[in-house]
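# Inside the fold
These are the residues of each chain, in order.
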Amino acid sequence: MLALGEQYLLPVYARPPLVLSHGRGCWVWDTEGRKFLDFSAGIAVNALGHADPGVAEVLHQQASTILHTSNVYHNQWAPKLAELLVTLTATKGGLGLSPGSSPTSGAKVFFANSGTEANEGALKIARKVGKDRWAAATGGRADDPECPKTGIVCFENSFHGRSIGALSVTSTEKYQAPFRPLIPGVSVGKFNDFQGLRDLITDDTCAVIVEPVQGEGGVAAADEQWLKALRERCNQTGAVLIYDEIQCGLYRTGTLWAHSSLTVDCHPDIVTMAKPLANGYPIGAVLLRDTVASTMTAGTHGTTFGGSPMACAVGHHVLSRLSSPEFVAQIKDVSDYLDSRLQLLPKWFHSILHNDIRGRGLIRALGFRNEKHPGEVVQLARERGVFVLTAGKDAVRLVPPLTVTKEEVDFAVDVLEGSMASLQN
């Protein structure tokens, strides 16, 4: 199978020499019968784990009913999933709404097929809002090619996708260099840096995109006060604030959104999501305030596959389960236990690890003093039966299924301890 892939697949992935055959819960097996505890969850996708019976049943039922309609026609599941996203955001907090807000509070949803597509859609919407706001302020026309309000701001160590637009705001040299020139008008700021915001975000800025907890960039969390300053500067300049919660959203941090627990004065205008929403079935979404959504009319954006009956039926099932009080309580209990285990590691491996454990909830990372060590630990852990990921230049990332148990946490952390002990010795 490896030889077949080498012969026919585009070689854009650096993968270990194993072929996965099946999974159950937090565990996967390869074609040689080896068993692995999956603390990567398909890169923070499989929130309900592998081969979940409930997800499998919805897939079977919907595939046997109606799979795809395109957006030429309505289907039953897209509005139901949109309603669930909006009402949960109102009741749990987010997008400018305090927890317990009216479920009828105004927001809209656009469905896509991936996180990259969601970010592309958000940037496109923000560009149109910027033009509208410039026209309203100057008396000009929104379609005037001389409109200056088209700039986009992103931040160092960000990751927003691989298509040309999303790549243009993914400020990592190794990803961007082979594909320049990228789209113009993108400015890059320093994450959690207050001093440069006034010069970074100007009246010509239409969009600011940021991850509240960076995923690929190293699992760094944005400071709440910095996000407030970001929100304030966007208000001053009329820029649209976009939170990319593709990896950190949908209960990965323990709350609906990574920003749900923060005060409303640092909330965004738009939230993008994807990874766990349908537990591995392709879906992405843009959730936006009505004040921003009002710029979009029929024909201004679209997709063939986005919002299909299948994707939205699975998404509705997954989100209904993730948002149940019992499930949220379980995430908190297990994530607190994981934190207690991880906090010991820098004390035992102080020559290898930085002191702080990054992230929160079930998106966590260990920072290493030697940038060669994360890749080595990932390999050593895999050889011992645990999948983990690197993040940025210096971190090992843990993003297990949200169904993970304390016993599985023990197994994973024990393996990490053994892997680092072999490095230290």
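Presented here is a report on the structure given in the accompanying data block. Quick caveat, the model's predicted, so the values are computed rather than measured.

Rules of the game
- Positions within a chain are numbered from 1, following the residues in the order the chain's sequence is written.
- Residues qualify for local features only when their pLDDT is at least 70, as the model is predicted, and side-chain atom pairs are given and counted only at 80 or more; totals for whole chains, interfaces and linings, by contrast, use all residues.
- With hydrogens and water stripped out, all remaining heavy atoms of the structure feed into the side-chain values.
- Only C-alpha atoms enter the line fits that serve as axes; for helices the fit covers just the stretch in contact. Angles between N-to-C directions range over 0 to 180 degrees.
- Strands here are runs of E lasting at least two residues and helices are runs of H or I lasting at least four, both read from the DSSP assignment and numbered beginning at the N terminus.
- Each angle receives one of four descriptions, namely roughly parallel if under 35 degrees, roughly antiparallel if over 145, roughly perpendicular if within 65 to 115, and oblique otherwise.
- The sense of a crossing depends on the near helix, which, turned anticlockwise from the far helix by less than a right angle, makes the crossing left-handed and, turned clockwise, makes it right-handed.
- The contact criterion used is simple: two residues touch if any of their non-hydrogen atoms lie within 4.5 Å.
- The residue classification treats Ala, Val, Leu, Ile, Met, Phe, Trp, Tyr, Cys and Pro as nonpolar and Asp, Glu, Lys and Arg as charged. All others, Gly included, are polar.
- In a helix, the anticipated span is given by 1.5 Å times the number of residues less one.
- Exposed residues in this analysis have more than 50% of their type's maximum accessible area, buried residues have under 20%, and partly exposed residues fall in between, with area computed by a 1.4 Å probe over protein chains only.
- A 1.4 Å probe that fits into a set of points on a 1 Å grid over the protein atoms alone but cannot get out defines a cavity; an open set with protein on both sides within 12 Å along at least five of seven lines defines a pocket, and lining residues are those with an atom within 4 Å of a point.
- Grid points are joined across faces, edges and corners, and a volume is the space filled by probe spheres set on the points.
- Any Lys or Arg side-chain nitrogen located within 4 Å of an Asp or Glu carboxyl oxygen qualifies as a salt bridge.
- A pair of strands is considered paired only if DSSP assigns at least 2 bridges between the two.
- Aromatic pairs are defined between Phe, Tyr and Trp rings, using the six-membered ring for Trp, whenever the two ring centres lie within 6.5 Å; interplanar angles under 30 degrees are classed as stacked, those over 60 as edge-to-face, and all others as tilted.
- Grouping into patches uses exposed residues only, defined as over 30% relative accessible area, and leaves out salt-bridged ones; the cut-off is 9 Å for like charges and 5 Å for nonpolar side chains (Val, Leu, Ile, Met, Phe, Trp, Tyr).
- The protein chains shown are the only cover counted for residues, whose accessible areas, like all others here, come from Shrake-Rupley with a 1.4 Å probe.
- Here the nonpolar core consists of buried residues drawn from Ala, Val, Leu, Ile, Met, Phe, Trp, Tyr and Cys, with membership extended through side-chain atoms lying within 4.5 Å.

On to the packing of helix H12 (residues 325-342) against helix H15 (residues 406-424). As a packed pair, H12 and H15 sit with axes 10 Å apart at the nearest point and diverge in direction by 20°. As far as their axial angle goes, H15 and H12 are roughly parallel. In this structure, H12 meets H15 at a crossing whose hand is right-handed. Residues Asp333, Val334, Tyr337, Leu338, Arg341 and Leu342 of H12 lie in contact with H15, whose contacting residues are Lys406, Val409, Asp410, Val413, Asp414 and Glu417. For the contact of H12 with H15, the class distribution of residues is six nonpolar, no polar and six charged.

Once that is clear, we can look at helix H11 (residues 309-322). The terminal C-alpha atoms of H11, which comprises 14 residues, lie 20 Å apart, in line with the 20 Å expected from a rise of 1.5 Å per residue. Buried residues dominate H11, accounting for 10 of its 14 residues. Where H11 is concerned, the buried positions are Pro309, Met310, Ala311, Cys312, Ala313, Val314, Gly315, Val318, Leu319 and Leu322.

Between its terminal C-alpha atoms helix H4 (residues 77-92) stretches 22 Å, which fits the 22 Å expected from 16 residues at 1.5 Å a residue. Here H4 has its buried residues at Ala78, Leu81, Ala82, Leu84, Leu85, Val86, Leu88, Thr89 and Ala90. The inward-facing, buried residues of H4 abut strand E4 (107-112), strand E9 (270-273), strand E10 (284-289) and H11. Directly after H4, the chain includes Gly93, whose backbone phi takes a positive value near 100°.

Overall, the coordinates contain one cavity of 30 Å³ or more when judged by the stated rule. In terms of lining residues, the largest cavity is bounded by His68, Thr69, Ser70, Asn71, Asn75, Thr304, Phe305, Gly306, Gly307, Ser308 and Pro309. The residue makeup of the lining of the largest cavity, split by class, is two nonpolar, nine polar and no charged.

A few words now on the pattern of salt bridges. Note that side chains of opposite charge can pair when their charged atoms are close. As enumerated under the stated definition, the model contains 17 salt bridges in all. Taking the shortest distance from any N to any O, the salt bridge between Asp30 and Arg34 comes out at 2.6 Å. Under the relative-accessibility criterion, Asp30 is labelled buried at 2%. Exposure remark for Arg34: the relative accessible area of 38% places this residue in the partly exposed category. The shortest N-O distance in the salt bridge between Asp414 and Arg341 comes to 2.8 Å. Highlighted residues: Asp414 in helix H15 and Arg341 in helix H12, separated in sequence by 73 residues. Classification of Arg341 by relative accessible area gives buried; the value is 12%.

In space, the four strands of this open sheet follow the order E1-E2-E3-E13, with mixed pairing throughout. What marks the edges here is a single partner per strand, and that holds for strand E1 (20-24) and strand E13 (386-387).

Under the criterion given, the structure shown has five aromatic pairs. Ring centres of Trp27 and Phe411 lie 5.5 Å apart, and the angle between their planes is 65°; this geometry places the pair in the edge-to-face category. A residue pair is termed long-range when its members are at least 10 positions apart, and Trp27 in strand E2 (residues 27-30) and Phe411 in helix H15 qualify at 384 residues. Judged by centre distance (5.0 Å) and plane angle (80°), the rings of Phe155 and Trp226 are edge-to-face.

Among the surface-exposed residues, Met1, Leu4 and Tyr8 lie close enough to one another that they form a single nonpolar patch of about 410 Å² accessible area. Inspection of the secondary structure assignment puts Leu4 in helix H1 (residues 2-8).

Of the volumes computed, that of the second largest pocket is approximately 650 Å³. If you go around the second largest pocket, you meet 24 residues; those closest to its centre are Asn71, Val109, Phe110, Phe111 and His301. Counting residues per element, the lining of the second largest pocket draws most heavily on E4, at four residues. When its residues are assigned to classes, the lining of the second largest pocket shows 12 nonpolar, 11 polar and one charged.

Here we take up the sheet that holds strand E14 (residues 389-391). Strands sit in the order E11-E12-E15-E14 across an open sheet of four strands; the sheet is antiparallel. Both edges of this open sheet fall to strand E11 (353-360) and E14, since each of them pairs with a single strand only. Ignoring strand direction, the axes of neighbouring strands in this sheet form an average angle of 30°. Two strands pair when backbone bridges link them, and strand E12 (residues 363-368) and strand E15 (residues 395-398) are joined in this way by four bridges, in the antiparallel orientation. Residue Arg364 lies in a different strand from E15, and its bridge partner there is Leu398.

What follows deals with the nonpolar core. Counting residues in each nonpolar core, the largest one holds 65 residues, and the members touching the most others are Phe39, Phe111, Leu319, Leu366, Val388 and Met420. The element contributing the most residues to this core is H11, with eight residues. With sequence-adjacent residues up to four places away left out, Leu366 is seen in contact with Leu342, Leu345, Leu353, Ile357, Asp394, Ala395, Val396, Leu416 and Met420.

The topology assignment puts Gly280 in the loop between E9 and E10. A residue is classified by how much of its surface remains accessible, and Gly280, at 45% relative accessible area, is partly exposed. In the structure, Gly280 is positioned 239 residues away from Ala41 in sequence and 9.4 Å away in space, judged by C-alpha atoms. The contacts of Gly280, once residues within four sequence positions are left out, are Val45, Asn46 and Lys275.

To continue, consider the environment of Gln195. Along the chain, Gln195 turns up in the loop between strand E6 (186-189) and helix H8 (197-200). Residue class for Gln195 comes out exposed when judged on its relative accessible area of 76%. Distance from Gln195 to Leu380, taken between C-alpha atoms, is 41 Å for residues 185 residues apart in sequence.

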